[in-house]
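Residue-level listing of the chains:
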Amino acid sequence: MKYFKLIASLVLTLAIFYLFNTQLGAIPPIGKFLNPYSGVWQNETDEKVTGEITIPNLKEKVTVHYDEQLIPHVFAQNDTDLYKAQGYLTAKHRLWQLEFQTFASAGRLSEIFGESTLNYDRQERRRGMGYGAEQAIKEMSKDPETMKYVQAYSDGVNAYINQLNPKDYPVEYKLLDYKPEAWSPKKTALLLMYMTKMLAGADSDLEYTNALRIFGKDKFDMLFPDFFDVTDPVIPKETDWSFIDVPQTPSPNGKAVLDTIREIIDQPNPDNGSNNWAVSPEKSATGNPILANDPHLKLNLPGIWFVMQLSTPNHNAFGATIPGALGVISGFNEFIAWGETNATRDVIDWYKIEFNDDRTQYKYDGDWKNVLVRVEDIKIKGKPSYKDSVLYTHHGPVVYDKNFKSDLEKSGYAMRWVGHDGGNNQKTFIDLNKAKNYNDYINALKYWNAPAQNFVFASTEGDIALWIQGKLPNKWEGQGKFLMDGSQPKNDWQSYIPQKFNAHTKNPQRGFVSSANQHPVDEAYPYFVFNDRYETYRNRVINDYFNSKDTFSVEDFKALQNNNYNLKAAELMPYMLEHMEISSLNDSEREIYNQSKSWDYNNDMNKVGPSIWRQWYAELYNLVWDEFEIEDIAMKNPFTYQTIYLLKNNGNDAFMDIIETPKTETAKDLFLIAFKKAVEKLETVKKEKGDYKWVNYKGTYAGHLLQALPAFSRFDIPIGGDRNIVNATSENHGPSWRMIVEMTSPPTAFGIYPGGQSGNPGSKYYDNFIDDWAAGDYYQLNFLQSTESIAKVIGTQTLIPATNE
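Summarised in this report is the structure supplied together with it. (Residues numbered from 1 in each chain as written. Predicted model: local features only at pLDDT ≥ 70, side-chain atom pairs only at ≥ 80, totals over all residues. Heavy atoms only, no water.)

1. Considering the overall build of the protein chain
So, point 1. Scanning the protein chain for helices and strands turns up 22 helices and 30 strands.
So, point 2. A compact globule built from 805 residues should have a C-alpha radius of gyration of about 28 Å, and the protein chain, at 27 Å, falls within 12% of that.
So, point 3. Expressed along its principal axes, the backbone C-alpha trace of the protein chain runs to roughly 85 × 65 × 65 Å.
So, point 4. Relative to its 805 residues, the protein chain shows a buried fraction of 63%.
So, point 5. Sequence-distant contacts in the protein chain: of pairs separated by 6 or more residues, those separated by 24 or more amount to 73%.
So, point 6. When the accessible surface of the protein chain is totalled, it reaches about 29800 Å², and 48% of it is carbon and sulfur.
So, point 7. When the 83 basic and 104 acidic side-chain charges of the protein chain are each reduced to a single mean position, those positions are 3 Å apart. (Helix = DSSP H or I, 4+ residues; strand = E, 2+ residues; numbered from the N terminus. Rg over C-alpha atoms; globule rule 2.2 N^0.38 Å. Buried < 20%, exposed > 50% of the residue type's maximum accessible area, 1.4 Å probe, protein only. Contact = heavy atoms within 4.5 Å. Areas by Shrake-Rupley, 256 points an atom, 1.4 Å probe, with all protein chains shown as cover. Lys, Arg positive; Asp, Glu negative; His and termini not counted. Charge placed at Lys NZ, Arg CZ, Asp CG, Glu CD.)

Take a look at the structure:
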């Protein structure tokens, strides 16, 4: 039983909880946790999937069928009841996760963990997460229908919370000694801001400012080009852009502010991304369009996604939901299928702000503008609150100033982020769930602001499409690469790209659409698109695959989602093996050299080649970019693709030289030095784990959100892949939901994710999908067509209105 492992771990280690690798504080009272009447033992139950449940203010009864995977199939008579039921059921199975994510988003973790998370909370408040959620609520409030449904979802969550006794609280509340609070529409907005931060909260402006100051423009442009020599974009190269009649913002010929930036706020995981694609009827083995999606996110338990079917007499949607948000996010209905990948567009810029003496005003356009002060009252468990006064300009919040990560007395750095603009993202998914054709799809996308996404589409009418959708600033050439002067109006965002001119394609001649976080367009697109570390390997493997033959089946789609081919290694490792001087290799080094030569460049889990490559390239990459290891200066190393390009094409460049040695090294020298270092590391791995097969070297795991105790996590998951590979599974990151939909009538769909439907670590449904997911298997999704359909149903619950209403 999992809780015996947990208790043993508690007693033996007196564990300290960690979140995001940050110490969170001491364990709460063990006595309360082990109380036989209200403690952990009360959680050792299976989920109830039968009977009747009374829900306040429900208009009509709602039928919920559960299938073998514990997926709820919800049949309501109207949309309000549907979203109320969705809120209730999501809370029933994922309450702690549902709420905890919003605490993290709002910068409220100190209420749970104490002073140890204060800096994290200050960071998120200064990032403007709460402010952005408030702007989203204002925008959603302009649409009464959206707000009605968001409120219904909140009411459903609260209906579940209000039915709970303390003994029934999810185990994490007992472990951390706190209780759930009421849900509200703002919490849904905070959840959406959390996703916006994960997918559109990264930038490199301040690090690039340091690099420009240190290395100069010519070297910077070489290391960080706008386009690589190979471009295989999301939107096909042959796309005609002549219909665009709004020009790019002209350049004001301003200069970057070349300050020295020593510290930056935390950035989202750079591996956050996804794959999606669709083939046309002509390219499908059955004549039906087929669509696939697999978002690449952190491998968490409970799983990021919660799969549901949401049905009323007017629409019937199925797929992955996000606890806290309404509707299906990646899924399908009777007529269309849709999915997303991250467009990774640059929607954050930084401005240097000059204050007056008392910091009540800031300089702008030759005058002084008033600063707005937002006092963030951060509650701390067991201690008095901490008040942080965050200054706001028309650009946005001043994140860095003399009070936070900076020593600038009368200046600061303000963030301009589209995530602060507000938007009705929730309506996009509400409308996609109901959409019947291409026009409905593009009308739903118009409400989507951020994070910018590549929305893939297929329909039973035979259409396929892909839109890169988001609120995207129309920047002048180069705008946003570096820190800008916030006092100059010419540096502001002057306008946005009109939504109809966002890059898109419908039914392209090649017969397929695809995206894998690569460059959205080629040089012909008439707007500036910043190279935001776009993917350059997965996209080419995917597109080469679809160009390799005439037609494709669902089985082909499964094979591609689980494809382990390492194009990055295939483009560099043969060159390294050919050009490395091997006369000095000892016996163990020569053995690993020979193993390298025999590798077929597939990252299959029982091969040693992937381990050799990973360690060798890591050592090589660090040697090449030792110039970027500068103490107390925020730096970001050059792109992977450009690194490999330089190693192969400019091996005598000065960056190849190791700073700490008297010799002048070249790429050829680095290959050997890095190889010998890699062999030492691999020998250590072999001693510790018995071998350095990829599955053991990589050690994939799905960690509990708290990163706390082994009993709540899954370790040593047997799977191949890696970052930059279509099967993008690294140590703790990868395909968080795999979905394939064939547009039959009704659609035939397959899906799986690395977790389980239950958020209760003691449930058999907590992590029961992981082994099948790792093996590349799928479940056929049981798309029920009516409430009378009970195929593969293991239980039925009925939600009924309260009798006294």
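2. Structural notes on unusual backbone geometry
So, point 1. Omega for the bond connecting L301 with P302 falls within 30 degrees of zero, at -5 degrees, which places this linkage in the cis form.
So, point 2. The amide bond that connects S745 to the next residue, P746, takes the cis arrangement and shows omega of -5 degrees.
So, point 3. By secondary structure assignment, the location of P746 is in the loop between β27 (738-742) and β28 (748-752).
So, point 4. Located in the positive-phi region is N517, a residue other than glycine, with phi close to 70 degrees.
So, point 5. Within the element layout of this structure, N517 appears in the loop between β24 (512-515) and α14 (538-546).
So, point 6. Among the residues examined, N517 registers a relative accessible area of 5% and is labelled buried.
So, point 7. Even without glycine at this site, R533 takes up a positive phi of about 60 degrees.
So, point 8. Mapped onto the elements, R533 comes out in the loop between β24 and α14.
So, point 9. For R533, a relative accessible area of 32% puts it in the partly exposed group.

3. Some remarks on the sheet that holds strand β19 (residues 411-417)
So, point 1. Read across the sheet, four strands follow the order β18-β19-β13-β22 without closing on themselves; strand pairing throughout is mixed. On the outer flanks of this sheet lie β18 (398-400) and β22 (484-485), each paired with one strand and no other.
So, point 2. Where strand β13 (residues 348-354) and β19 come together, seven bridges link them in antiparallel fashion. In the strand pairing of β19, I353 is matched with G412. (Pairing = 2+ DSSP bridges.)

4. A word on the environment of E535
So, point 1. Here E535 is to be found in the loop between β24 and α14.
So, point 2. A relative accessible area of 10% places E535 in the buried class.
So, point 3. Expressed as a C-alpha distance, the spacing of E535 and T344, which sit 191 residues apart in the sequence, is 9.8 Å.
So, point 4. Beyond its immediate chain neighbours, meaning those up to four positions away, E535 contacts A516, N517, Q518, H519 and N724.
So, point 5. Here the side chain of E535 touches Y537 through a polar contact of 2.9 Å, landing on its backbone nitrogen.
So, point 6. A polar contact of 2.8 Å, which involves the side chain of E535, links it to the backbone nitrogen of R538. (Polar contact = N/O pair within 3.5 Å; in protein donor to acceptor, adjacent residues only side chain to side chain.)

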